[in-house]
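# A look at the structure
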There are 2 protein chains.
Amino acid sequence: MTSLQDLATPCALVDVARMQRNIARMQARMDALGVRFRPHVKTSKCVDVARRQRDAGARGITVSTLKEAEEFFAAGFDDILYAVGIAPNKFAQARALRERGCDLKLITDNAAAATALGRFGAAHGHRFEAWIEIDCDGHRSGIAPEGAALLEVARAIVEGGSALGGVLTHAGSSYELDTEAALQAMAEQERAGCVRAAQRLRDEGFPCPNVSVGSTPTALSAQSLQGVTEVRAGVYVFQDLVMANVGICSPADIALGVLTTVIGHQAEKGWTIVDAGWMAMSRDRGTQRQRHDYGYGQVCTATGDVIDGCLMTGANQEHGIVSCTGGAGSSVAERFPVGTQLLVRPNHACATGAQFPEYVAVQPDGTLARWPRFAGW
Amino acid sequence: MTSLQDLATPCALVDVARMQRNIARMQARMDALGVRFRPHVKTSKCVDVARRQRDAGARGITVSTLKEAEEFFAAGFDDILYAVGIAPNKFAQARALRERGCDLKLITDNAAAATALGRFGAAHGHRFEAWIEIDCDGHRSGIAPEGAALLEVARAIVEGGSALGGVLTHAGSSYELDTEAALQAMAEQERAGCVRAAQRLRDEGFPCPNVSVGSTPTALSAQSLQGVTEVRAGVYVFQDLVMANVGICSPADIALGVLTTVIGHQAEKGWTIVDAGWMAMSRDRGTQRQRHDYGYGQVCTATGDVIDGCLMTGANQEHGIVSCTGGAGSSVAERFPVGTQLLVRPNHACATGAQFPEYVAVQPDGTLARWPRFAGW
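Per-chain numbering applies: the sequence of each chain, read as written, is numbered from 1 onward. To label them, take the chains in the order written and letter them from A, then take the ligands in the order written and number them from 1. Reporting of local features is limited, given that this is a predicted model, to residues whose pLDDT is at least 70; pairs of side-chain atoms are given and counted only at 80 or more, and all residues count toward the totals for whole chains, interfaces and linings. Each side-chain value is worked out from all heavy atoms of the structure, with water and hydrogens disregarded.

Looking at an unreviewed UniProt entry, one finds chain A named DSD1 family PLP-dependent enzyme, with Ramlibacter algicola as its source organism.

## Some thoughts on the overall build of chain A
Labels follow the DSSP assignment, with helices taken as runs of H or I lasting at least four residues and strands as runs of E lasting at least two, numbered in each case from the N terminus. A tally of helices and strands in chain A yields 12 helices and 17 strands. For a compact globule the rule gives 2.2 Å times the number of residues to the power 0.38, and the radius of gyration it is set against comes from C-alpha atoms. Taking 377 residues into account, the globule formula puts the C-alpha radius of gyration at 21 Å, and chain A, at 22 Å, falls close to it. Principal axes of the C-alpha set define a box for chain A whose edges measure 75 × 45 × 35 Å. Think of it this way: Lys and Arg go in the positive column, Asp and Glu in the negative one, and His and the chain ends go nowhere. Throughout, a charge is located at the NZ atom of Lys, the CZ atom of Arg, the CG atom of Asp or the CD atom of Glu. Positive and negative side-chain charges in chain A, numbering 36 and 40 respectively, have mean positions lying 3 Å apart.

## Brief notes about the sheet that holds strand β3 (residues 61–63) of chain B
Residues and elements named next belong to chain B. By the convention used here, strands pair only if DSSP detects at least 2 bridges between them. Taking strand neighbours across the sheet as the criterion, the 8 strands line up as β2-β9-β8-β7-β6-β5-β4-β3 in an open arrangement whose pairing is parallel. Two strands lie at the open edges of the sheet, namely β2 (36–37) and β3, each paired on one side alone. In terms of strand pairing, strand β5 (residues 103–108) meets strand β6 (residues 129–134) through 3 bridges, oriented parallel. Opposite Leu 106, over in β6, you have Ala 130 as the bridge partner. Seen against the sheet, helix α6 (residues 149–159) touches β5, β6 and β7 (163–169) and runs at an angle of roughly 170° to β6. By the convention used here, residues are in contact when the closest approach between their heavy atoms is within 4.5 Å. Axis lines are fitted through C-alpha atoms, for helices just across the contact stretch, and the angle between N-to-C directions can take any value from 0 to 180 degrees.

## Observations regarding the packing of aromatic side chains
Centres within 6.5 Å are what make two rings of Phe, Tyr or Trp a pair, Trp counting through its six-membered ring; a difference in plane orientation under 30 degrees is then read as stacked, over 60 as edge-to-face, and the rest as tilted. Scanning the model with the defined rule gives 16 aromatic pairs over all chains in all. Ring geometry for Phe91(A) against Phe120(A): centres 5.5 Å apart, planes inclined by 55°, an arrangement best described as tilted. Residue Phe91(A) is found in helix α4 (residues 91–99), and its partner Phe120(A) is found in helix α5 (residues 111–124); the two are separated by 29 residues along the sequence. Summarising the burial analysis for this pair, Phe91(A) and Phe120(A) share the class buried. With centroids separated by 5.4 Å and ring planes inclined at 75°, the aromatic side chains of Phe37(B) and Tyr236(B) adopt a geometry described as edge-to-face. One end of the pair, Phe37(B), is in strand β2; the other, Tyr236(B), is in the loop between β9 (230–231) and α9 (241–246), and 199 residues separate them in sequence. Tyr236(B) shares its class with Phe37(B); the two are buried. Think of it in three bands: with a 1.4 Å probe and only protein chains considered, a residue is buried below 20% of the maximum accessible area for its type, exposed above 50%, and partly exposed in between.

## Comments concerning the relation of the copies chain A and chain B
When the copies are overlaid, the least-squares fit takes in C-alpha atoms only where the residue has pLDDT of at least 70 in both copies. Aligned on chain B, chain A shows an RMSD of 0.0 Å; the corresponding rotation is 180° and the shift along the axis is 0.0 Å. The transformation just described matches what one would write down for a two-fold rotation axis. Among all residues of chain A, the one whose C-alpha sits closest to the rotation axis is Arg283(A), at a distance of 2.5 Å. Take the interface residues of chain A: 100% of them recur as interface residues in chain B, which is what a same-surface contact looks like.

## Concerning the state of the cysteines
As used here, a disulfide is simply a covalent bond connecting the sulfur atoms of two cysteines. Residue and element names in this part refer to chain A. Defined by distance alone, a disulfide is two cysteine sulfur atoms within 2.5 Å. This model, assessed by the stated rule, comprises 2 disulfides over all chains. Disulfide partner of Cys 310: Cys 324, at an S-S distance of 2.1 Å. A torsion of 110° about the S-S bond marks the disulfide between Cys 310 and Cys 324 as right-handed. With a gap of 14 residues between them, Cys 310 in strand β13 (residues 306–315) and Cys 324 in strand β14 (residues 320–324) connect regions that are remote in the sequence. Free cysteine: Cys 208, not disulfide-bonded; nearest cysteine sulfur from Cys 194 at 7.5 Å.

## Examining the packing of helix α4 (residues 91–99) of chain B against helix α5 (residues 111–123) of chain B
Residue and element names in this part refer to chain B. Running from amino to carboxyl end, α4 crosses α5 at an angle of 55°, the nearest separation of the two axes being 11 Å. Relative to α5, the element α4 lies oblique. Seen from above, α4 lies across α5 with right-handed handedness. Side by side, α4 and α5 meet where Phe 91, Ala 92 and Arg 95 of the first sit next to Ala 113, Ala 116, Leu 117 and Phe 120 of the second. Side-chain classes are defined by residue name, with Ala, Val, Leu, Ile, Met, Phe, Trp, Tyr, Cys and Pro counting as nonpolar, Asp, Glu, Lys and Arg as charged, and the others, Gly among them, as polar. Split into classes, the residues belonging to the contact of α4 with α5 amount to 6 nonpolar, no polar and 1 charged. Roughly parallel refers to an angle under 35 degrees, roughly antiparallel to one over 145, roughly perpendicular to one between 65 and 115, and oblique to any angle outside these ranges. We call a crossing left-handed when the near helix sits turned anticlockwise from the far one by less than a right angle, and right-handed when that turn is clockwise.

## A few points about the interface of chain A and chain B
Of the residues lining the interface, 55 residues belong to chain A; the matching set on chain B comes to 55 residues. Here the quantity called buried area is the accessible surface, traced with a 1.4 Å probe, that two parts lose on coming together, added over both. At the boundary of chain A with chain B, total buried surface from both sides reaches about 4300 Å², with 54% on carbon and sulfur atoms. When the area that chain A buries against chain B is broken down by residue, the three leading residues are Arg140(A), His319(A) and Trp377(A), summing to 17%. Salt bridge, as used here: a side-chain nitrogen of Lys or Arg that lies within 4 Å of a carboxyl oxygen of Asp or Glu. For the pair chain A and chain B, the interface holds 4 salt bridges. Polar contact is the term for a pair of N or O atoms within 3.5 Å; when the atoms are in protein, one must be able to donate a hydrogen and the other to accept it, and sequence-neighboring residues count only if both atoms are side-chain atoms. In this assembly, chain A and chain B are joined by 26 residue pairs in polar contact (both at pLDDT 80 or more). Elements with a contribution of two residues or more to the side of chain A that touches chain B: α5, β10 (256–266), β11 (271–274), α10 (278–281) and α12 (349–353) of chain A. The greatest single-element share of the side of chain A that touches chain B, amounting to 6 residues, is contributed by β10(A). Partitioning the side of chain A that touches chain B into residue classes produces 23 nonpolar, 21 polar and 11 charged.

Following this line, the structure appears as structure tokens:
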């Protein structure tokens, strides 16, 4: 494998130089704000990527599945926050990881899970560490900073015999914003809500050593992180078209693309048909309701230069339809003959990456490397 | 693994009894119409499923990737139609499969690919078989039945030294219909267009032994298949909510579901949070523009009984938000306590299945089996 032309398509390309710039930018920002950074590795699910985040200064990782915890622990990462509410059917696997030496932290937002965790721990002579999930924006899970349940859950953790490790929140609604002022305000809302929850716990005598916040848009927008001990973010490592629409990167920062090959045309419609459909791009249409709808992706040359006016406007399972404005008529077959390679930038890097068993890393010197990624639970 | 309660979640369950009924229904219909049936195995990518389709009477398989061809050939399937337009970067892999004994048929809709295929074959002393893709509904790829390109491509195939195996078409726009009359008309349009293209080839002296049509909605709606030699269909094996909206199955026919576990609630909003997000369900929102929008899926008990009024209305990567009408207020935590298992039926079985490395098959006697599936290209 020495050049792009040798690759089977579709495949997922990572531009390593862009990725390293994204990593350096985030780490520099966290260093300037004086907080630890715990990247969310759900975006890449790739040890080669996470090692570069660690080498740049990251401390610990965040995961979204116990499969990720298993894989990254096996690769030498031992400070792991599993940032999805724990359910009883996962206690045994979590305990097994911890007893093998993984410093795995669990989270919950309810007393039922906290109590069950304590009981399971007591029955097996094991002390878990649990953090409490805070809801800073009404987006998903968690307890409101002023919610009565906060102290109830803290008691359930501590009285059940688990260690209370801290609080965490995720301003997921930041993905819906697109102005600097709104992003800065959301970052402050995320910070203030999580710090307030920590304060309430401490006021009642509970320990709260960790105050963890984060999302890519808020992490790159926060002006102060006073009271916060660590930040989590994931998609920043690759960036994507949704993030470009949010306004915290430009399309030229996007490090992930799908390499595809032209298989035919519908010349009268101005369509070029390629061998990357939704199985390759994912069905994520995250830019659909944003300021610029990129369809299933922004079309570039194989080496990453944007082809103005070309978008993937439709996708079947293994067919992508590329439409070019200004390219109607029979000229598409001349512009993009059968066999031409194109690179399609994704709406959502987490979803597109997940469709592939590996990345092909295009290194700064132009050489290619295969970086495995994993999937499943 | 003896019961659902022992399963790690999320996982993909296949109700084998329902699947067998779907298989039997389609095969009986094809037998009655007097055509061979070549199932599209892209839906399951699972040898255990395809063997049951073959056992019921299927002849050969259809694939959407050369990876599928490799995997199914290794499992003993040797009559394989690769139903995505061939590009030059796939010639070598296709030839290697054929030289190992796989009767792999390729397709194209353009002279450029057909000519390149012939040249590659001549250079390697290999004769490929190519079928011509016909566009019966303006949906995607292919040559219109009356298009001038039809004879040009046939000449490129034959003069290039490949065998011309026939014509095929796929009425993909049938997914957008929802009345019996429209479906029957589309099935007839698909049949007539493909038969007409075959006739034009034969009139010019070209061989056209195979006339292949199909999609799940048209296959289940066709009143006559005169002139057709084989039908292809894929999603019928599992069915899904999109197909239920099209009107060719009921939700009770859907054989694929995602088993998930409750991890928390937002009681004031009537939300139950589960551990299946879009990574499990896929981002497919195929019912969004249909008569009934099921969100990210229809919510059932773990054993498959629909819970009226409950849909997965939101999905993050590993979080699903289940909203229940008539279940607002704090009662959701009582109705669905943390740890409760739910089954979510998918919008699109091909997309949801693809998120999982295996199916858990729930057999008619209630025992569970693991059926591996593969992914990638």
